[in-house]
Amino acid sequence: MDHPSIDSLPRRTLGRANGPLYRQLADLLREPIGDGTFPVGGELPKEAAIAEHFGVSLITVRQALRDLEADGLIRKRSAKPAVVAARNPSVNLSWKFKNFADMAAFTKDAELTVKSYRKEVSPVLQRHFGMGKDEAGYCLRGILSVGEQKKAQITSYFPPSVGAKLKRDDFSDVLIFRSVQRHLGLRLDVAHVTVRAEIADEVIAEDLGIAQGSAILSVEMLYQSAEQQSIEFTIARHPADLFSISYDAPNDLA
């Protein structure tokens, strides 16, 4: 098989003002992979050649290749050029968000199936909304899917002042907080996010199509208004092997 040369890549200067260099490089490499310039089964140029072509370090190149490998596009090899594994990313919920727009991008191509929406009594309502022990709030339960794969079990809680204004059919958006904003005419200002490691119980295992006792990642999101009123608390439970978190950690040590 003929392998495209380094000249198949565009010549472009990468600048830090446009974000992390490795992400810019990864995006540049995705295009020739996606259009078949670098065919499946073929090799990418050597890491050193890529670094020289774009004027970046080997560390930057290797981080970019790790991103492509995480997307299922390439397969890295020790002391050899990476091999193209697929033209399109595999279905994966690798999660990178620092704002609500990133959350929206995270659910691209996903579908939310609502299983139920009803009044419930739960310690979660007491903890996050300051409700009484026997006071009922509202709870939505659903499944987030991408294609045929079940990606998350979704459980969202609302205080009575919010939940009573919503009905099951209102949750037509894959992003629950966006449905809440639209139907209540309010703007959610911030989401406090907590990630926990858990074990799938019988219900979670059935919802996600995994074995009971499997590892899962639980992402808890408490949405608040600009007045710091807690509006929604959502728990998204994901199979651990289909979900990852990545972010940039700048060195801010003196």
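Residues numbered from 1 in each chain as written. Predicted model: local features only at pLDDT ≥ 70, side-chain atom pairs only at ≥ 80, totals over all residues. Heavy atoms only, no water.

Where an unreviewed UniProt entry is consulted, the protein chain appears under the name GntR family transcriptional regulator, with the organism given as Mesorhizobium erdmanii.

Caption draft 1: Looking closely at helix H3 (residues 58–70). In this model H3 runs 18 Å from its N-terminal to its C-terminal C-alpha over 13 residues, within 8% of the 18 Å that 1.5 Å per residue would give. For H3, every residue scored as buried is listed here: Thr60, Val61, Ala64, Leu65, Asp67 and Leu68. Down the axis of H3, the sector holding all buried residues measures 155°, keeping them to one side. Buried positions along H3 lie against helix H1 (21–34), helix H2 (47–54) and strand S1 (74–77). (Helix = DSSP H or I, 4+ residues; strand = E, 2+ residues; numbered from the N terminus. Expected span 1.5 Å × (residues − 1). Buried < 20%, exposed > 50% of the residue type's maximum accessible area, 1.4 Å probe, protein only. Arc of directions from axis to C-beta. Contact = heavy atoms within 4.5 Å.)

Caption draft 2: Spatial organisation of the pattern of salt bridges. For the structure shown, the criterion picks out 11 salt bridges. Here Lys115 ties to Asp207 by a salt bridge, and the two come within 2.7 Å at their closest N and O atoms. Highlighted residues: Lys115 in strand S4 (residues 111–120) and Asp207 in helix H8 (residues 202–208), separated in sequence by 92 residues. Given a relative accessible area of 42%, Lys115 falls into the partly exposed group. Taking relative accessible area as the criterion, Asp207 reaches 10% and is therefore assigned buried. Through salt bridges with shared partners, a single network forms among Arg118, Glu120 and Arg141. (Salt bridge = Lys/Arg side-chain N within 4 Å of Asp/Glu carboxyl O.)

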